[in-house]
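# Observations on the three-dimensional arrangement
In case you want the letters, here they are:
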Amino acid sequence: VQLQASGGGLVQPGGSLTLSCAASGSIFSINVMGWYRQAPGKQRESAAVISNDGKTNYAESVQGRFTISRDNTKNTVYLQMNSLKPEDTAVYYCNLRNWRSPGWADYWGRGTQVTVSS
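Model, not experiment: these values are computed from the prediction.

With that out of the way, let us pick up the side chain of Asn98. Residue position: Asn98 is located in strand 9 (residues 90-100). The class for Asn98 is buried, based on a relative accessible area of 0%. At 2.8 Å, the side chain of Asn98 forms a polar contact with the backbone oxygen of Ser26. Within the structure, the side chain of Asn98 is placed 2.9 Å from the backbone nitrogen of Phe28, a separation counted as a polar contact.

Spatial strand order, 1-3-8-7: four strands in an open sheet with antiparallel pairing. The outermost strands of the open sheet, each flanked by one partner alone, are strand 1 (2-6) and strand 7 (66-71). Each strand axis lies, on average, 15 degrees off the axis of its neighbour in the sheet, ignoring direction. The sheet contact formed by strand 1 and strand 3 (residues 17-24) spans five bridges and is antiparallel. Counted as the bridge partner of Gln2 is Ser24 from strand 3.

Basis of the calculations
Residues numbered from 1 in each chain as written. Predicted model: local features only at pLDDT ≥ 70, side-chain atom pairs only at ≥ 80, totals over all residues. Heavy atoms only, no water. Helix = DSSP H or I, 4+ residues; strand = E, 2+ residues; numbered from the N terminus. Buried < 20%, exposed > 50% of the residue type's maximum accessible area, 1.4 Å probe, protein only. Polar contact = N/O pair within 3.5 Å; in protein donor to acceptor, adjacent residues only side chain to side chain. Pairing = 2+ DSSP bridges. Axes fitted to C-alpha atoms, helices over the stretch in contact; angles between N-to-C directions.

Structural data, given as structure tokens:
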């Protein structure tokens, strides 16, 4: 599995950015795609995830500002980020989790930098 992310950059506080991540390779029918982020000096954390059937889960810190979606025909996941704050500055990583009994297999894309600054 390969994950190709794009869309990071520099944005002012209050601005918006959209991240995209296209997956290729063996994508199983039961899977979860998501975005994780890692700020300097902090551990990687989940920002938002979406299952193959559209169920979503958001970190409390991004709830109401970020929207995750996916296009299963293109094996692509998106993260629309609005009302960005300086604390959203981080490297954002795309993730795909394939379910293959008895467990999950994780795949990661290269990170894309998001910087929120005036």
